[in-house]
Structure formats: C-alpha cells, structure tokens
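The residues making up each chain are set out below.
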Amino acid sequence: MQIIEKISEMQSWSEAQRCKGRRIAFVPTMGFLHQGHLSLVRCAREGGDCVVVSVFVNPSQFGPQEDFGAYPRDFDRDRKLLEKEGVEVLFYPAVQEMYPHGFQTSVEVSELSALLCGAHRKGHFQGVATVVSKLFNAVRPHVAVFGEKDYQQLQVIRSLVRDLNFDIEIVGHPIVREADGLAMSSRNAYLNREERKAALCLFRSLNRAVSMVQAGEVTARVITDAVKAEITRESLARLEYVKLCDTVTLAEIDRVQDRALLALAVRIGKTRLIDNTILTI
Ligand code: AMP
C-alpha cells in the first residue's frame, strides 16, 4: 500500500490508473477506523479495480466549540487495517496541504445543509462539501462510497455531485452496528462504560418507531413523541432532535407515506451521537 501525502502526487497516481483503464473507488474517512469504515472499503473493492482511502480530520467541518482537537487519531493502526484490506493507496494529507495559506474558497449545498444536523452545527456541511470537493479533485475517483450512518451527509454529497457535475458515481452503504445495535462511530471511543450502555437508547428508540409503523402508525408526531419518551427515560441522554423527513429532500413530513427517514441526534454526556433508520410501509 502506498501512502500519499501530496495532492499533486495523488493526482498523478490517479491519472496513471485512468490511463491504464482502471476504475478508481474512493472511501473518504476521518480515520480511527472501525468495522463500519472497513465495510465501506470492501464495498469500494467491488465497485472498482483499485481502492483509495483518505484519512483526514477536516478542521473546517468542526465548529469552534467542537471536538477537532480531541477527535481520536491512530494513524499506525489505520494504516495496518487498510493494508490488510488490500487498499492500494492511503491518501493522508496534512492540514497545510489541504488548506494552505490564502485558502478562501468554499462549497455550500445551501438548502440541505440547513436542516437536521446542519441546524445545530453551523457551517458543518459547508466544511464537508468543501473538503469532499477537494478530495474528489485530488483522488479523481470513478466511484465513491459513503455510509448511510451520516444520511444527511450522503444527500449533501449527492447534490454536490449533481450540481457541480462531478463525474463520480456515489454509492450509499447501510449502517454497520455493534452486536447490541449501537451504530459504529469513531466517537464511541469517548463513551465510558455507563455512557456506552446509555447510548443504546438511540437504537432502542429507532426500533420502537419501526415497530409502531409495522403496527400501522404513520403520524410523525406520534412516532417522534415515542422516540422522545424513549430517550428521556435514559438519564444520561439529552435529545438534540428527532425528525421524520423525506428521504431525498430531508424536508420534514407529517406522516409516513411509502418511505421516510427517521433521524436523530442525542448527547450522551459530552458525546454527540447520530443515528437513523428508513421507515417503510
Ligand atoms: P467518518 O470517518 O466518521 O467521517 O466516516 C467516514 C465514512 O464512513 C462516512 O461515509 C461515514 O458515513 C461512514 N461510516 C461511519 N460509521 C459508519 C457506520 N457505522 N456504518 C456505515 N458507515 C459508516
């Protein structure tokens, strides 16, 4: 596995692959890899001839009060895991390489970015859209894989690619969970034992919603109230939002018709966790 730190070198490598007719599949990450990430890597392997994974903790998607400094990092472990997966290139740029002195351009997917997590994390999706655009221009993939764990991010990327005519296929990958249902996340490392147990309330509340819909309930208010009640029962948890939304526009809807996204963000102590499920009739 090659480790590439420079954008120009990454571009040259990709150009050479393209000249050989090889299809490049890309998985962007912020590192501290878990089985969710590795599942995306395996999916990328199926979609391309060679796989590039980036590890970059992107400062521009963190707010000033957020956890950029504390975000877990373990490059050596990440490198070994990716090597085992047979990844061709680990793209590992420094912050200075991505945002050199004088950097002043940003990309904003305006409407989608204002909803759900965007309402609570100002500027977050602008940071995401900007860095993903830069990563796409560095890696020049044919296909890129993103997790449905960050469902809103996936929709932001789909819009970005369509609006700016990136010639890249975007593939969404289902949420990978721990055996007890907690969605895998690098941020789970922040949780102590008690908090880890408390964090199960997210999955529990989503399951409750799924059961309600299976039993015929379709009203958003009734479903989200049940989720709220489930989260409120957990004393270490504080609900940031729970919303029933259109699966494409993410606009709030008042009843499940066919398919709907149920998304929530919860704070467990100082850790902010997100999760979601698709409700179908
Ligand atoms: P991150 O390193 O958290 O920025 O995540 C990198 C990619 O992995 C994103 O596309 C995430 O949506 C995806 N991802 C993270 N956790 C999971 C998970 N539990 N299941 C599926 N995809 C995930």
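Definitions and cut-offs
Residues numbered from 1 in each chain as written. Predicted model: local features only at pLDDT ≥ 70, side-chain atom pairs only at ≥ 80, totals over all residues. Heavy atoms only, no water. Helix = DSSP H or I, 4+ residues; strand = E, 2+ residues; numbered from the N terminus. Buried < 20%, exposed > 50% of the residue type's maximum accessible area, 1.4 Å probe, protein only. Lys, Arg positive; Asp, Glu negative; His and termini not counted. Salt bridge = Lys/Arg side-chain N within 4 Å of Asp/Glu carboxyl O. Contact = heavy atoms within 4.5 Å. Phe/Tyr/Trp six-rings, centres within 6.5 Å; stacked < 30°, edge-to-face > 60°. Lys NZ or Arg CZ within 6 Å of the ring centre and 35° of its normal. Pairing = 2+ DSSP bridges. Right-handed = clockwise from strand over helix to strand, strands pointing away.

### Observations concerning the side chain of Glu-234
For Glu-234, the location among the structural elements is in the loop between helix H11 (220-232) and strand E7 (237-245). Notably, Glu-234 is buried but unbridged: the nearest opposite-charge side chain belongs to Arg-204, and the N-O separation is 4.1 Å. Each residue touching Glu-234, except ones within four places of it in the same chain, is listed here: Ala-198, Cys-201 and Arg-204.

### Here's the deal with the packing of aromatic side chains
Tallied over the entire structure, the rule returns 8 aromatic pairs. Arranged with centres 5.0 Å apart and planes meeting at 85°, the rings of Tyr-99 and Phe-103 form a pair that is edge-to-face. On the accessibility criterion, Tyr-99 (13% relative accessible area) is buried. Looking at Phe-103, the relative accessible area reads 33%, which means it is partly exposed. Look at Phe-136 and Phe-166: their rings are 5.6 Å apart centre to centre, the planes differ by 70°, and that puts the pair in the edge-to-face class. Placement of Phe-136 in helix H7 (residues 124-139) and of Phe-166 in the loop between helix H8 (151-163) and strand E6 (169-173) is noted, with a sequence separation of 30 residues between them. Through a chain of ring-to-ring contacts, the aromatic side chains of Phe-26, Phe-136, Phe-146 and Phe-166 assemble into a single cluster. Lying over the aromatic face of Phe-68, Arg-73 brings its terminal NZ or CZ to 5.0 Å of the ring centre.

### Re the pairing of strand E3 (residues 50-55)
Most of E3 sits out of view: 6 of its 6 residues are buried. In terms of strand pairing, strand E2 (residues 24-29) meets E3 through 6 bridges, oriented parallel. The partner of Ile-24 across the bridge, within E3, is Cys-50. With helix H2 (residues 35-47) bridging E2 and its parallel neighbour E3, the resulting β-α-β unit is right-handed. As defined by bridge partners, E3 adjoins strand E4 (residues 89-91) across 3 bridges and the pair is classed as parallel.

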